[in-house]
Amino acid sequence: MSKMQMFKSHERSVERSLDELYNDDAERADAEVFGRKVSASRRGFLGGAGLAAMSAAVGGAIPFAANMPGGLIPAALAQNAPAAGESPAPAPKGPQHLQFPGKSDGLVVLGDRPLVAETPENLLDDDTTPTDKLFVRNNGQIPEESKDPDKWSFVIDGEVNNKLTLTLGELKAKHKPVTRRLVLECGGNGRSFFTPQARGNQWTNGGVGCPEWTGVKLADIIKSAGLKPSAVFSGHYGRDLHLSGDESKPTLSRGVPIKKLMDENNLIVFALNGKPLPNIHGGPVRLFIPGWPGSLSAKWLSRIWIRDKEHDGPGMTEFAYRVPIKPMIPGAKGDPKNFQILESMPIRSIITSPANGDKIAAGTKEIKLRGAAWAGDFTVDHVDVSTDFGATWTRVKLSKPKNKYDWQRWTTTVKLPTDGYYEIWARGTDSKGVMQPHMAGFWNPQGYGGNAMHRVAVLVG
Ligand SMILES: Nc1nc2c(c(=O)[nH]1)N[C@H]1C(S)=C(S)[C@@H](COP(=O)(O)O)O[C@H]1N2
Ligand SMILES: [Mo]
């Protein structure tokens, strides 16, 4: 499959202007195409000039145009198209690709100070995410690589009977290693889908990966320190320097209630996909707390502070890693009293093949889809896909997780009746019956929980 030429400069000005309009002011573009009066749920028949303009903008006829919902920005024109690996020419703001030793240049840089890079959905097509394709999220400066990993040490202190100082060498010598395939997901994954824009890195769905992690069970180590009855919360610290260079300021320090801390799935990790944990991912030693925001999984682990109250380090207060209890007005300031800590990450499903913008040979009547789905502390019950803007849905074949907190891969085959422009939509439902919404809902100032269903545009012919 090659890519559509969606972002190439067009001879006809209508295409160019519609592209630009959808990027700049989607609502106005929508009104131009579908008629001035667009109601939220239903707009007029997409015909005549509107249909011609929309077809030109997306690059082909739209067999299911009659089902296109009002207010929908075509996936072909969404901010993350075209897919990685394809440099659009000329692009208004093309993606900047990561250049970092040991990392794939398919990763897209969201920020360079601190360094943050996400993995486009189509690069998450492996059952086990290879190390080079794992996203990168830093809040501070990346430390120098450790020269003597076995001497790396961290402490467990606070509300414990015996304060512990452990080196990686001791950890490996005294405890049995376990290996698990676990989803690491940034708390802000999906943030870019919020309207109005929420504060922070504009992740699409790529702040996630599911590699194999090797380490020792955190609960065993905590038990050997012995919790005092006063222990209620943890506070995690890493050895990375604050962006300001101020050594007294932790870059980030988050923690969990003791019940979550003692979950037997948590690990102190020292290997990733069978190799020593790379420095960029927190090596030689990091914490891993699956199911909850990635920010809890402190890289370059230096300290686990057991506390007698809710932790109040950077990343714990006001709107940081918190979501509204009652819905708030999108774009408003928000009242901190209406916020609670984001715990389990919400259900999300992604299409990992085809890629957004793929072009498929004329006459193709059927394509195979592949994807992945996960749901924080829960499992995925089912995933449905649609190729006709949600009029009909097909249930996919969903695999079982290898172990708790693994993602679930899925496949299915869909029919595409004629040549033209299609959007493939995928939405997951978790084991509690909670389904991904059509649009990111529950707006909050820092944009957590943006788990709108994934949409991928393909052009047949
Ligand atoms: N010490 C330290 N640990 C950290 C961070 C950090 O900036 N410093 N970032 C956190 C966040 S927000 C995420 S999403 C994950 C990202 O891990 P990765 O870079 O290995 O993908 O690490 C977490 N652990
Ligand atoms: Mo994160």
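By the naming in an unreviewed UniProt entry, the chain goes by Sulfite dehydrogenase (Cytochrome) subunit SorA apoprotein and is assigned to Nitrobacter hamburgensis. As its UniProt record puts it under Cofactor (unreviewed entry), the chain is described as follows: "Mo-molybdopterin".

Caption draft 1: A look at the site of ligand 1. Not every one of the 19 residues close to ligand 1 is listed here, only the nearest: Phe135, Asn139, Asp240, His281 and Lys299. Within the side chain of Lys299, a nitrogen or oxygen atom sits 2.5 Å from an oxygen atom of ligand 1. Residues of the shell around ligand 1, tallied by class, amount to eight nonpolar, seven polar and four charged.

Caption draft 2: Focus on the nonpolar core. Core analysis: the largest hydrophobic core is formed by 30 residues, its most contacted members being Ile156, Leu171, Ile268 and Ile306. If you list the elements that add at least two residues to this core, you get β5 (153–158), β6 (164–167), α4 (168–174), α5 (218–225), α6 (258–261), β12 (267–272) and β15 (301–307). Sorting elements by how many residues they give to this core places α5 first, with four residues. With residues up to four places along the chain from it excluded, the contact list for Leu171 reads Phe154, Leu166, Val216, Ile221, Ile268 and Phe270. In this structure, Ala29, Val33, Met54 and Leu459 belong to the second largest nonpolar core, which totals 21 residues.

Caption draft 3: Structural context of the side chain of Arg427. Secondary-structure assignment places Arg427 in strand β25 (residues 420–430). In this structure, Arg427 is buried with no salt-bridge partner, the nearest side chain bearing the opposite charge being Asp384 at 4.5 Å. Other than its neighbours up to four places away in sequence, Arg427 contacts Ser349, His382, Val383, Asp384, Trp393, Met435, Gln436, His438 and Met453.

Caption draft 4: Here's a closer look at the packing of aromatic side chains. What the rule picks out here adds up to eight aromatic pairs. Taking the centre distance of 4.6 Å and the plane angle of 45 degrees together, the rings of Trp213 and Phe288 count as tilted. Of this pair, Trp213 sits in strand β10 (residues 212–217) while Phe288 sits in strand β14 (residues 286–288), and the two are 75 residues apart along the sequence. Like Phe288, Trp213 is buried. With a centroid separation of 5.8 Å and an interplanar angle of 40 degrees, the aromatic rings of Trp374 and Trp407 are classed as tilted. Note that Trp374 is positioned in strand β20 (residues 366–374) and Trp407 in the loop between β23 (397–398) and β24 (408–415), a separation of 33 residues in sequence. On the accessibility criterion, Trp407 (0% relative accessible area) is buried. An aromatic cluster is defined as three or more aromatic residues linked by ring pairs; in this entry it consists of Phe389, Trp393 and Trp425. Lying over the aromatic face of Phe270, Lys172 brings its terminal NZ or CZ to 5.7 Å of the ring centre. Directly above the ring of Phe378 sits Lys432, whose terminal nitrogen or CZ lies 4.1 Å from the centroid.

Caption draft 5: Fine view of α5. Among all positions in α5, only Leu218, Ala219, Ile221, Ile222 and Ala225 are buried. Buried residues of α5, seen end-on, are gathered within an arc of 160 degrees and therefore sit on one face of the element. Just beyond α5, the residue with positive phi is Gly226, at close to 80 degrees.

Caption draft 6: Broad picture of the side chain of Asn189. With respect to the element layout, Asn189 can be found in the loop between β8 (184–185) and β9 (208–209). Within the structure, the side chain of Asn189 is placed 3.4 Å from the backbone oxygen of Asn205, a separation counted as a polar contact. Among the polar contacts made by the side chain of Asn189, one reaches the main-chain amide nitrogen of Gly207 at a distance of 2.9 Å. Not counting the four nearest positions on each side in its chain, Asn189 is found in contact with Trp203, Thr204, Asn205, Gly206, Gly207, Val208, Arg348, Trp374 and Gly450.

Definitions and limits used
- Residues numbered from 1 in each chain as written.
- Chains lettered and ligands numbered in written order.
- Predicted model: local features only at pLDDT ≥ 70, side-chain atom pairs only at ≥ 80, totals over all residues.
- Heavy atoms only, no water.
- UniProt positions renumbered as here; feature names shortened; annotations may be inferred.
- Near = heavy atom within 4 Å.
- Polar contact = N/O pair within 3.5 Å; in protein donor to acceptor, adjacent residues only side chain to side chain.
- Nonpolar A, V, L, I, M, F, W, Y, C, P; charged D, E, K, R; others polar.
- Core = buried A, V, L, I, M, F, W, Y, C linked by side-chain atoms within 4.5 Å.
- Buried < 20%, exposed > 50% of the residue type's maximum accessible area, 1.4 Å probe, protein only.
- Helix = DSSP H or I, 4+ residues; strand = E, 2+ residues; numbered from the N terminus.
- Contact = heavy atoms within 4.5 Å.
- Lys, Arg positive; Asp, Glu negative; His and termini not counted.
- Salt bridge = Lys/Arg side-chain N within 4 Å of Asp/Glu carboxyl O.
- Phe/Tyr/Trp six-rings, centres within 6.5 Å; stacked < 30°, edge-to-face > 60°.
- Lys NZ or Arg CZ within 6 Å of the ring centre and 35° of its normal.
- Arc of directions from axis to C-beta.

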